[in-house]
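Tertiary structure, described
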Amino acid sequence: MAASPATRRHKVRRRADMSLLGGIRPPIAVLSALLLSLAGITALGLGKADQDLVPKAVLTSQQHFAEDGAVALRASIDESVTDLNRTAGLFSASDPVSPDAVLDKIGSVYQKWTGTAVLEIKSGKLLAARGENVPVTAVDTSKLREKDGLSPRMVRLQNGETRLLSFALLSWEGKPQQLLIASNSLRFPGIALGQFRAIAVVDSEGHILSSDGIQEPEQAKSEFQRGVVKRSSKQLKSFAKTAAHKATQHPLKSKEPGSGGFLGVSGSLYGTEFQGDRAVAGYATLAGPEAGESTVATSLGLTVVAMVEVAEDPTRSAGPLFGLLAAGALLVIGALAVALLLGTVQRPLIRLFLESRRLTRGDLTRPVTTPSHGEAARIGHSLERVRRQLLGEPADSTAAERPRKRGRFGSRGLIAVCGVLLLAWSAPMLLLLNRADSTAVVPEQMVNDQRERTETLTDRVRRALNEGHADLVSVAALIGDRTSPDDMRTVLERTRTEHRRYESLYVLSADGKVVTSAGEEPRPESGKRPEGEQLSLLNDSGKEPVIAGYAEIPGRDGATVVGEFRIDFINSLLKRPGLGQVRVVDDKRQIIGGNTGYQAFDKLPDERLDSFVAGSNQKVGMSARANGVLYRDSGGDGVQLAAAAPFVGGGAAKSLGWTVVSWQPASGLAIPEYSLQNRTVLAGLLGVTAAAACLGWLHIVVVRPLRELARQSEALADGDRRTVLYPRHHDEVGAVIRSLELLRQQLQEQRKRDGAPAAATATTVAGRN
C-alpha cells in the first residue's frame, strides 16, 4: 500500500532530524552555549563587587614564611640528632675517654645545644654536665631498651619553657654503658622576623611551646604597649589553636589541586582587625625533605605559626560595572554572529536539503527556491537546471541559467565575518583593557617578606656550610694521630653517608698528597689549601664551582681533612616557593648557585641587580644588612621585587663573602590589579578559543564539503553523468549529495530511454518513489 504524501513528508522530516546529529547545527549550538557561559563568567569574574581588604598575595606570603620556618626547624632538629649520634659513635669507636672530655670536645666543635650531660645508665648517676641544667630527672633509664627508647622527647620545665632532649649511647668494652644527653630549646635558627612579625612553635594540642617577636608584658613601657602585647598574644594563641586543628588533615587535601610545593600541611589564617591593621598568619607542619619520608623532627607533631599585622586597603581596583558591560557587549556581538550563521549558512543549507529531497520524489512542478549568495546559490541554481533537464530540456539550453558571478563571498567569508565580530570583543580583553601598569599598588608587606625570607635563606645556607665545617673539625679531632688509613677511610665513609652535603671526603698530608678518600675523586684544586682559610671557593671559572672545607688533624704534622661540598646540596637549599629566582653570588658578584637554571660564574642578568647587591654589601654600622627594593620600570619589565642578604653571621662561612639575591615580577603575585588583568586576559583567551574551535569545526564539517558540493552540482548540471557522487558524512551536505546522486541516476535513465516523453519519465520516477 503506497504511503500518503503526509506520511512521506513526516519520514523526510525524521530523516532530516537524524542527519542533524552531525552537520551544521551542533557547532552553532555549541558556540551559542559557550558564549552564554563566557558572558556569565565575565559578569561574575570581572564584576565581582567584593574584594578582600588584604590581598591574597600577602596571605600566601605568610604561608610561605611559615613553611620556611618549618623547613629550618626540621633541618635543625634532624641535624642535631644526627650530629649527636655520629659524635657518640666516633667516640665509641676509639679509645675510652672521660665524660668531661666528651662534653668538652662536643662543646668546642658544636655550639648548638643549651646543655649537655652524661649519665651512667645502670646506676643513673650524673657523670658530667655542661651549660644549662639538663632535666635528667625526666629520663627513665630503665626504658631505654624499649622501642623508640632513644627517640628525642620534649620536656616542659618548671618555668613553662620546653626543651627537646636528644640521646646517644657511649659504649666501650669493659666499661659501663653511658647515655649522652643534649638539651635544646625549640627556637628557630636564623629566622629573620623584621619589626612586626611573631613566630611560634605549636604542639598537636595547640599549646605554644616557644615564640619570638612578641615582647613580654613587663617589657612594655606604656599602657598602650601593654595592650598591644596582650592583644597580640591572644591573637597568636587563637591562631595556634586553629593551626593545630588544621594540621591534622592530610597534606594532599590541604592544598589546591596542582599547587605542589611544600610537602606538609600549610595554609594561611585571617585574624581580627584593630585600628586599620589586620592580623594574618601562615602555618606549616614539620614535613620530611622527600615525599613519604619521615624524620625524627616530623614525628614530634610540631606546627609553625607566623603572624604579622598588615594595613588594610579599603580601595577597590574595579567595581561590578565593567564586568556587566563586558558581558552585555559579548551577548550582543555573540547574538549577531549566531544570527548571521543561522540566516546565511544554516537556513539556506536546510532549504537546499528539502528542495533536493523534493526533486528526488518527482515533484518537478515548482521551481527550486534558490538562496541569494555563496555556495548555496550555486547549488540552488544547479538544482534548478537539473529539474528542468528532468522535464526534458537539454543541458545546453539550461547553461544560460548559470549565475554569472560564482559567489566569491561565500560561506568562508561569512565565517570570517563572524570571527572578526568575536575577535572585536576578545582582542581588547587580551591586549588593552584592565592593564596593570608600573603604577600598580604592591603592598609594602610583600617587599618586607621578600627581604626577610631572603635573609632567612641566606642564614640557612651559611649555617649549612658552618655545620659542614664543624663536621670536618669533629672528624679531624677524632681521627687524631693514631688512626690508620683504613680506619680513616671508614670514618670518612660513615660521615659522607650520614651527611649528603659532601661530594668527596679525604685526608691530605702536609705535602698535599691524598692519604685516603671517600666518595668522588678529589679535585686537583682542593689539594691547594688557601692560607688560613677554613672554607674556600677554589676556582673562578669552569662548569662547576669547587667549594672545599678544611680541618687540621691534631698531632699529624699538618695533615688535613678536606671535604668538597656538592653544589646540588647548596642549590637544594634555595628552592623555596614564592621567592622567584634566587642566586648565590660570591664577593665578585659571580653566580655560584641558584634555584633555577644558571651558568656558573656568570654575572647577574640585570646590571641594576648587580649594583643592588654591591650596595647591600656595604657596612651599615657594624656589618652589612639585608635589603629589599621595589623596582618600577616603565621600559617594559614592569614592577619587580628584589632582595639581597649577605653572609653576616659567625662561623667559617662568613669569610666567603657570599650574598643571596632574589627577585620576581610583581605580575606573578595575587595582587588585585594583576588579578583583574589576568582575569580579563583569561576572558579574552576563552573568547578566542571558543570562536576558533566552533568556527573551525564549522569550516571543516560544513564549509569545505559545501564548496565541493557546489562544484559537483555544477558539473552534474553541465552534463556530467558518469561521476558517481558519494556522501562522506551523515549530515545536511551528505543528504544533498545523496539526492544529487539519485537525480544523476534518473538523468541517466532518461537518456537511455532516448526520447521518452518527459512527463512519462516524471510519472515513472514518482511511482518508484
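Just above, that's the structure.
Residues numbered from 1 in each chain as written. Predicted model: local features only at pLDDT ≥ 70, side-chain atom pairs only at ≥ 80, totals over all residues. Heavy atoms only, no water.

**Here's the deal with a nonpolar patch on the surface**
Residues Val30, Leu34 and Trp697 make up a contiguous nonpolar surface patch of about 230 Å² in total accessible area. Mapped onto the secondary structure, Trp697 falls in helix H14 (residues 672–717). By relative accessible area, which is 34% here, Trp697 ends up partly exposed. (Patch = residues over 30% accessible without salt bridge, like charges linked within 9 Å, V, L, I, M, F, W, Y side chains within 5 Å. Areas by Shrake-Rupley, 256 points an atom, 1.4 Å probe, with all protein chains shown as cover. Salt bridge = Lys/Arg side-chain N within 4 Å of Asp/Glu carboxyl O. Helix = DSSP H or I, 4+ residues; strand = E, 2+ residues; numbered from the N terminus. Buried < 20%, exposed > 50% of the residue type's maximum accessible area, 1.4 Å probe, protein only.)

**A closer look at the pattern of salt bridges**
Considering all chains together, one arrives at 35 salt bridges under this definition. Arg130 is paired through a salt bridge with Asp104; the nearest N and O atoms lie 2.9 Å apart. Taken together, the residues Arg130 in strand E2 (residues 126–131) and Asp104 in helix H4 (residues 99–109) connect sequence positions 26 residues apart. Owing to a relative accessible area of 28%, Arg130 belongs among the partly exposed residues under this scheme. Glu467 serves as the salt-bridge partner of Lys112, at 2.9 Å between the closest nitrogen and oxygen. Here Lys112, found in the loop between H4 and strand E1 (115–120), pairs with Glu467, found in helix H10 (residues 444–479); they are 355 residues apart in sequence, far enough to count as distant. The same class applies to Lys112 as to Glu467, namely buried. Overlapping salt bridges bring together Glu67, Asp68, Arg453 and Arg576 as one network.

**Some points on the sheet that holds E2**
One open sheet accounts for 5 strands, arranged E2-E1-E5-E4-E3; its pairing is antiparallel. Every other strand in the sheet has two partners, leaving E2 and strand E3 (153–156) as the edge strands with one partner each. Adjacent strand axes in the sheet meet at a mean angle of 25 degrees when their direction is disregarded. In this sheet, strand E5 (residues 178–185) lies alongside strand E4 (residues 162–170) in antiparallel orientation, the contact comprising 8 bridges. In the strand pairing of E5, Arg163 is matched with Ser185. Packing against the sheet, helix H3 (residues 56–93) makes contact with E4 and E5, and its axis sits at approximately 25 degrees to E4. Helix-sheet contacts for H4 involve E1, E2, E4 and E5, and the interaxial angle to E2 is about 20 degrees. (Pairing = 2+ DSSP bridges. Axes fitted to C-alpha atoms, helices over the stretch in contact; angles between N-to-C directions. Contact = heavy atoms within 4.5 Å.)

**Quick look at unusual backbone geometry**
We note that Asn434 has phi near 55 degrees; this positive angle belongs to a residue other than glycine. Counting through the fold element by element, Asn434 comes out in the loop between helix H9 (411–431) and H10. Given a relative accessible area of 22%, Asn434 falls into the partly exposed group. If you check the backbone angles, Arg589 has positive phi at about 60 degrees while not being a glycine.

**A word on the packing of aromatic side chains**
Taken as a whole, this structure holds 3 aromatic pairs when the rule is applied. Aromatic side chains Tyr110 and Trp113 sit 5.8 Å apart centroid to centroid with 65 degrees between the ring planes, which places their arrangement in the edge-to-face category. Side by side, Tyr110 and Trp113 carry an identical accessibility label, which is buried. Between Tyr502 and Phe565, the aromatic rings sit 5.4 Å apart at their centres with planes inclined by 40 degrees, giving tilted as the arrangement. Placement of the pair is Tyr502 in strand E11 (residues 502–508) and Phe565 in strand E15 (residues 560–565), with a sequence separation of 63 residues. Of the two residues, Tyr502 and Phe565, both sit in the buried class. In this structure, Arg197 packs its charged tip against the face of Phe65, placed 3.8 Å from the ring centre. Above the face of the Tyr631 ring, Arg608 is positioned so that its terminal group lies 4.0 Å from the ring centre. (Phe/Tyr/Trp six-rings, centres within 6.5 Å; stacked < 30°, edge-to-face > 60°. Lys NZ or Arg CZ within 6 Å of the ring centre and 35° of its normal.)

**Brief notes about the nonpolar core**
Within the largest apolar cluster, 58 residues are counted, with the highest numbers of intra-cluster contacts made by Leu170, Leu180, Leu465, Val561, Ile570 and Trp658. For this core, the element with the highest residue contribution is H10, accounting for 10 residues. Sequence-distant contacts of Ile570, that is, excluding residues within four places in its chain, are made with Val461, Leu465, Ile547 and Trp658. Val345, Ala376, Leu725 and Val736 belong to the second largest nonpolar core, which has 54 residues in total. (Core = buried A, V, L, I, M, F, W, Y, C linked by side-chain atoms within 4.5 Å.)

**Some points on the packing of helix H7 (residues 374–390) against helix H15 (residues 732–753)**
Two elements in contact, H7 and H15, have axes separated by 10 Å at closest approach and are oriented at 25 degrees. As far as their axial angle goes, H15 and H7 are roughly parallel. With respect to the hand of their crossing, H7 and H15 are arranged in left-handed fashion. Between H7, through Ile379, Leu383, Val386, Gln389 and Leu390, and H15, the contact on the second element is made entirely by Val736, Leu740, Leu743, Gln746, Leu747 and Gln750. For the contact of H7 with H15, the class distribution of residues is 8 nonpolar, 3 polar and no charged. (Parallel < 35°, antiparallel > 145°, perpendicular 65-115°, else oblique. Left-handed = near helix turned anticlockwise from the far one by under 90°. Nonpolar A, V, L, I, M, F, W, Y, C, P; charged D, E, K, R; others polar.)

**Overview of the sheet that holds strand E14 (residues 547–552)**
One open sheet holds the 5 strands; their spatial order is E12-E11-E15-E14-E13, and the pairing between them is antiparallel. On the outer flanks of this sheet lie strand E12 (514–519) and strand E13 (535–537), each paired with one strand and no other. The average undirected angle you get between the axes of adjacent strands in this sheet is 20 degrees. Pairing between E13 and E14: 3 bridges, direction antiparallel. Counted as the bridge partner of Ser536 is Ala548 from E14. In the packing of H10 onto the sheet, contacts are made with E11, E13, E14 and E15, and the angle to E15 comes to roughly 150 degrees.

**Some thoughts on the packing of helix H6 (residues 320–360) against H7**
Running from amino to carboxyl end, H6 crosses H7 at an angle of 10 degrees, the nearest separation of the two axes being 10 Å. The orientation of H6 with respect to H7, classified from their angle, is roughly parallel. Here H6 runs over H7; the crossing is left-handed. In this structure, H6 contributes Pro348, Leu352, Ser356 and Leu359 to the contact, and H7 contributes Ala376, Ile379, Gly380, Leu383 and Arg387. Residues of the contact of H6 with H7, tallied by class, amount to 6 nonpolar, 2 polar and 1 charged.

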